[in-house]
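Structural overview
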Amino acid sequence: ATSRLLVSYQEPYRSQILDYLFKPNFGASLHILKVEIGGDGQSTDGTEPSHMHYENDENYFRGYEWWLMKEAKKRNPKIKLIGLPWTFPAWIGRGENWPYDYPDVTAYYVVSWILGAKQYHNLDIDYIGIWNERAFNSKYIKLLRYTLDKHGLQQVRIIASDRLWEPISFVLLLDSELHEVVDVIGAHYPGTKTVPNALLTKKKLWASEDYSTFNDEVGAGCWARILNQNYVNGNMTSTIAWNLVASYYEELPFGRCGLMTAQEPWSGHYKVEAPIWITAHTTQFTQPGWSYLQVDGHLEGGGSFVALTDGLGNLTIIIETMTHNHSQCIRPPLPHYSVTPQRATFHLKGSFYMVETLQVWHSRLSFESGKSILFQQLHPVRVGKGIFSLDLKVDEVYTLTTLKTGKKCGCPEPPPPHPFPSNYKDDFNIRNPPFSEAPNFADQTGVFEYFINASDPGDHVFTLRQVVVQRPVTWVSDADQTISIIGNFQWINLTVTCDIYIEKQHDGGVFIAGRVDNGGIYVRQTKGVFFWVFADGTYRITGDLAGKEVLMKGLAGVRDNAWHTLTLNIQGSSASGLLNGYPLWENVTISKPSNGWAAIGTRSFEFAQFDNFHVE
C-alpha cells in the first residue's frame, strides 16, 4: 500500500514523479514494475482493495494499481509487469486463514485479475507470483499454470516463492512437474547470496524483493551495492526494490523506504532521492533481454563490477566501490569488509576489442559535506587495443557504455513542503470519482470506498462505506476492527466531526478518533482517543483500537440504519464528545498518546457509512 498518496497529487507534479520513475532515459527508467494484487488485508502500510470482495463480485477499477501500471506502460511500453498477492478476501479461504484448501478457487481468482488487467486496461501481465513471503503449495502452483494455459495465458510466467531460496529450490529439484511450471526463483533480501540448490535448478534467479532501506545516501549506497553484487555473488539477474516511491504517511512502518519520496499530495512537494540516480546507472544503459557477461566481478581493492551486452555489439560496464558503513541495507546484516582507492584496468576482448571510446557516467556519494555527485556525464574514456584504466575512489559508481542515449533530466523545482491542512473537509460528493477511495484516507484494516446510496434521497446520497464484512486471509495480524487514518501525525489538539451510519443491527458499531499512533503491520497495537457508538444505543471512549482500555461509557441513544453526527474534541489532556451537536460526555482525561492521526472505522468487519468528515 505504498503508492496510496501518489494518486492524489495535482498535475503537473504527479506526471513529473511518474516521469522520474518510468520515462526511459529520464530518471530511474525502470525495467520492471511489481504490484500487489489487492486482497482487502493489511500488507505493510495499509490495505489494498480486492477485485473480488465477495464471491459474486468483480470490479477491475478499485484501488490505484491499474492506474499505476497504465502510467508506467504509457511512458515505457516495454516495461515488464508482475502481480503478487499478499492477502486474499475471506471467501477464498472458506473460513480458514489459508488460501490453498481450495486451490482451484485461488487459481481462478488470481487468473481473473490477469484477465481483468487485459480486458479492462489492456495490460499484459508478464509474471505472476504465489503468496508473498508465506508458504507455497506445489499442487496450487501446478493448477495455476494449468488455469493460465486454459485461458490462453501461456506467455505469463510463474515466479516462486517470494520468500527464501529454500525450500522452493530443493522442491524444484525433487518434483519435475513443478520444475517445468516455475520459470523464476524469486528470493527476498538475499544479502547478495544464493544457495547451491538454486543454482542446480538452472532457473533464472531474482532478488524479487530487496532494498527496503531509508532513501538517504546510505540507502543509495545499499542500492548501488546490491544492484551489482546480487549478480556478482548470487547470479541474480533482476533486483526489485521495495518500494517504488514512498507515497504513504512517513510515520507508518518503513517510512521513506522508497526510491524517491512523494508523501505530500496536498502541497505538491516531492523529492528525487539519490537512489533514483543510482538506478539510472544500470537501467538507462541496459534493457530486459541483455545478458550479463560471466566475468568475476570482484575488484581487488573491494567493490564490484558487472558487464552486460545486447548481443549486437553494445557493452555496458557498471562499477561500484561502496564502503561497508555507507551501504548497509535494512536487512540482512552486512559482514564487515573494506574498500580502498584503486586503479582498475579492464581488457576488452573478442567483439569488444574494436571499441574505441566508452561514454562515462559518474556518481560519488558524500557523507560528510552532504554534496553528493549524482549521475554526472564525464568525458568519454579512450580505449587503446582493448585496454583502459580508471582511478576509483570509495563510495563511487561508474557506468562505462557504448550507448549514447543516457540523460539526466530534471523538472522545475516542486513546491516547498507543507504539513497536512489544519482544516480539512470531505463530503464525498463525487459522482464519477477517478479512484474508488477518497483522497488521503489510508485504510489500515478493512476497505473504505465511495458509495452511492440509491435509497437515500436526502443529504447522504454520496458517502464513504466500509465494505469488508469478513476477516480476509491475512498476511499479518490485521485488527479485529476496521480503521482508516488521515492527517498529520504531529497533531495534538483537534476536533473531528463526522456523520455516521451503522448498518449492522444489534452489535454494529462505529468510531471517530484522534491522536491515533499506529498503523501498518502494527495496527493491532493502535492507541489513541476513540469515540464509539453502538447499535444497542451505548457509547464508549477508549484509549485503544481494540477497545480494551475503557475511559468512559454510557447511553447515547444511537440506533442502526439512521444518520448521526459525532464530534470528538481533544485539547491538551482532556477530551469531550458531542452527539448530533449536543454534549454527550466531557472531561475525559487523556494521558497518551500525545499526538497522532485522525481516523474513522468500525467495531468489526461490517458495513457502515461515513459522510461530511471534517478535522480541524
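Counting of residues starts from 1 at the beginning of each chain's written sequence and follows it residue by residue. Residue-level local features of this predicted model are given only where pLDDT is at least 70; pairs of side-chain atoms are given and counted only at 80 or more, and the full residue set underlies all totals for whole chains, interfaces and linings. By convention in this description, side-chain values take in all heavy atoms of the structure and omit both hydrogens and water.

It is worth spelling out the packing of helix 1 (residues 13–22) against helix 2 (residues 65–75) at this point. Here helix 1 crosses helix 2 at 65 degrees, and the two axes come no closer than 10 Å. Taken as axis vectors, helix 1 and helix 2 run roughly perpendicular relative to one another. Note on packing geometry: the crossing formed by helix 1 with helix 2 is right-handed. Contacts between helix 1 and helix 2 involve Arg14, Ser15, Leu18, Asp19 and Phe22 from the former and Trp67, Leu68, Glu71, Ala72 and Arg75 from the latter. The residue classification treats Ala, Val, Leu, Ile, Met, Phe, Trp, Tyr, Cys and Pro as nonpolar and Asp, Glu, Lys and Arg as charged. All others, Gly included, are polar. In the contact of helix 1 with helix 2, the residues fall into 5 nonpolar, 1 polar and 4 charged. For helices, the fitted line uses only the C-alpha atoms of the stretch in contact; every axis is such a line through C-alpha atoms, and the angle between N-to-C directions lies from 0 to 180 degrees. For the purposes of this entry, the term helix denotes a DSSP run of H or I that reaches at least four residues, the term strand denotes a run of E that reaches at least two, and both are numbered from the N terminus. Throughout this description, any angle smaller than 35 degrees is read as roughly parallel, any larger than 145 degrees as roughly antiparallel, any in the 65 to 115 degree range as roughly perpendicular, and the remainder as oblique. In this scheme, a crossing is called left-handed if the near helix is turned counterclockwise away from the far one by less than a right angle; it is called right-handed if the turn is clockwise. Whether two residues touch is decided by their heavy atoms; if any such pair falls within 4.5 Å, the residues are in contact.

UniProt positions are given in the numbering used here, feature names are shortened, and annotations may be inferred rather than shown by experiment. On the UniProt side, "active site" (unreviewed entry) is annotated at positions that read Glu133 and Glu209 here. The greatest C-alpha distance among the residues just named is 9.9 Å, despite their covering 77 residues of sequence, which places them together in space. Tracing the sequence through the fold places glutamate 133 in the loop between strand 3 (127–128) and helix 5 (138–150). When you line up the elements, glutamate 209 lands in strand 6 (residues 204–211).

Next up on the list: the environment of arginine 331. Structurally, arginine 331 can be placed in the loop between strand 12 (315–320) and strand 13 (342–347). Partly exposed residues are those whose accessible area sits between 20% and 50% of the maximum for their type, while under 20% is buried and over 50% is exposed, using a 1.4 Å probe and protein chains only. Taking relative accessible area as the criterion, arginine 331 reaches 28% and is therefore assigned partly exposed. Counting along the chain gives 120 residues from arginine 331 to tyrosine 211, while the straight-line C-alpha distance between them is 8.0 Å. If we skip the residues at most four places from it in the chain, arginine 331 touches Tyr189, Ser212 and Phe254.

Another point: the sheet that holds strand 11 (residues 304–309). Strands pair in a sheet through their backbones, by hydrogen bonds, and they do so in one of two ways: parallel or antiparallel. When DSSP finds two or more bridges between two strands, those strands count as paired. Strand order in the open sheet made by the 6 strands is 10-11-12-17-14-15, with antiparallel pairing throughout. Two strands close off the open sheet at either side, each with one partner strand: strand 10 (291–292) and strand 15 (373–382). Bridge count for strand 10 against strand 11 is 2 bridges, and the pairing is antiparallel. Each residue of the ladder has a partner; that of serine 291, found in strand 11, is threonine 309. Running at roughly 25 degrees to strand 15, helix 10 (residues 274–283) makes contact with strand 12, strand 14 (357–364), strand 15 and strand 17 (396–401) of the sheet.

So, about the layout of surface pockets. Here the second largest pocket defines a volume of roughly 460 Å³. In this analysis, the protein atoms alone were mapped onto a 1 Å grid. Cavities are point sets where a 1.4 Å probe fits without being able to get out; pockets are open sets with protein on both sides within 12 Å along at least five of seven lines; lining residues have an atom within 4 Å of a point. Residue lining of the second largest pocket: 21 residues in total, with Lys271, Val272, Glu273, Trp277 and Leu374 positioned closest to the centre. In terms of residue count, strand 9 (residues 269–271) provides more of the lining of the second largest pocket than any other element does, 3 residues in total. Grid points are joined across faces, edges and corners, and a volume is the space filled by probe spheres set on the points.

Time to look at the packing of aromatic side chains. Geometry of aromatic contacts follows a simple scheme: Phe, Tyr and Trp rings, the Trp one being its six-membered ring, pair when their centres are within 6.5 Å, and the pair is stacked under 30 degrees between planes, edge-to-face over 60, tilted otherwise. For the structure shown, the criterion picks out 41 aromatic pairs. The interplanar angle of 85 degrees and the centroid separation of 5.8 Å between the aromatic rings of tryptophan 242 and phenylalanine 254 together place this pair among those described as edge-to-face. Note that tryptophan 242 is positioned in strand 7 (residues 236–242) and phenylalanine 254 in the loop between strand 7 and strand 8 (261–264), a separation of 12 residues in sequence. On the basis of relative accessible area, tryptophan 242 is assigned to the buried category, the value being 14%. For phenylalanine 254, a relative accessible area of 26% puts it in the partly exposed group. Ring geometry for phenylalanine 305 versus phenylalanine 346: centroids 5.1 Å apart, planes at 85 degrees, classification edge-to-face. Of this pair, phenylalanine 305 sits in strand 11 while phenylalanine 346 sits in strand 13, placing them 41 residues apart in sequence. In this structure, phenylalanine 305 and phenylalanine 346 share a single accessibility class: buried. Taken together, the ring pairs connect Tyr20, Phe26, Tyr270, Trp277, Phe285, Trp361 and Phe375 into an aromatic cluster.

In what follows, a disulfide is any cysteine sulfur pair within 2.5 Å. For the structure on display, the rule yields 1 disulfide. Paired through a disulfide, cysteine 222 and cysteine 329 show a sulfur-sulfur distance of 2.1 Å. The sign of the 100 degrees torsion about the S-S bond sets the cysteine 222-cysteine 329 disulfide as right-handed. Pair noted here: cysteine 222 is in helix 9 (residues 217–232) and cysteine 329 is in the loop between strand 12 and strand 13, with a separation of 107 residues, a long-range link. The class for cysteine 329 is buried, based on a relative accessible area of 13%. The structure places no disulfide on cysteine 257, whose sulfur is separated from the nearest cysteine sulfur, that of cysteine 222, by 9.6 Å.

As a further point, take helix 1. Taking burial as the measure, the 10 residues of helix 1 include 8 buried ones, the bulk of the element. Regarding helix 1, the residues found buried are Arg14, Gln16, Ile17, Leu18, Asp19, Tyr20, Leu21 and Phe22.

So, about the sheet that holds strand 24 (residues 509–516). Spatially, 19-22-31-24-25-26-27 is the arrangement adopted by the 7 strands of the open sheet, whose pairing is antiparallel. Since the sheet does not close on itself, it has two edges, and those belong to strand 19 (442–445) and strand 27 (550–555), each with one partner. Strand-to-strand, the axes of this sheet are offset by a mean angle of 20 degrees, without reference to chain direction. Note that strand 26 (residues 538–544) and strand 27 share 5 bridges and pair antiparallel. Along strand 27, the bridge assignment pairs tyrosine 539 with glycine 554.

On to empty space enclosed by the protein. Following the criterion strictly, the structure yields 3 cavities of 30 Å³ or more and no others. The computed volume of the largest cavity comes to approximately 90 Å³. Lining the largest cavity are 14 residues, and of these Gly38, Pro49, Arg62, Trp66 and Trp113 sit closest to its centre. Sorting the residues of the lining of the largest cavity by element identifies strand 1 (32–37) and helix 2 as the ones contributing at least two each. Residue classes in the lining of the largest cavity are distributed as 5 nonpolar, 5 polar and 4 charged.

Within the largest apolar cluster, 105 residues are counted, with the highest numbers of intra-cluster contacts made by Phe22, Leu33, Ile141 and Leu144. Two domains each put at least three residues into this core: domain 1 (31–159) and domain 2 (424–615). Those residues within four positions of leucine 144 in sequence are excluded, and the remaining contacts are Ala107, Val110, Val111, Ile128, Gly129, Ile130 and Ile158. Side-chain atoms within 4.5 Å are what join buried Ala, Val, Leu, Ile, Met, Phe, Trp, Tyr and Cys residues into a set we call a nonpolar core. One finds Tyr189, Leu252, Phe448 and Val558 within the second-largest nonpolar core, a separate group that totals 62 residues. Marked domain ranges trace back to an automatic or database domain assignment.

All right, on to the UniProt feature "domain: Glycosyl hydrolase family 59 C-terminal lectin" (unreviewed entry) in the chain then. UniProt tags residues 443–616 as "domain: Glycosyl hydrolase family 59 C-terminal lectin" (unreviewed entry). Here residues 443–616 is 0% helix and 53% strand, with 20 Å between the C-alpha atoms at its ends.

Before going further, it helps to spend a moment on the environment of glutamine 571. Mapped onto the fold, glutamine 571 is located in strand 28 (residues 563–571). Accessibility expressed as a relative area gives 41% for glutamine 571, which makes it partly exposed. Expressed as a C-alpha distance, the spacing of glutamine 571 and isoleucine 492, which sit 79 residues apart in the sequence, is 7.4 Å. In terms of polar contacts, glutamine 571 uses its side chain to reach the side chain of asparagine 569, at 3.2 Å. Between N or O atoms, a polar contact is any pair within 3.5 Å; within protein, one atom must be a potential hydrogen donor and the other a potential acceptor, and residues adjacent in sequence are included only when both atoms are from side chains.

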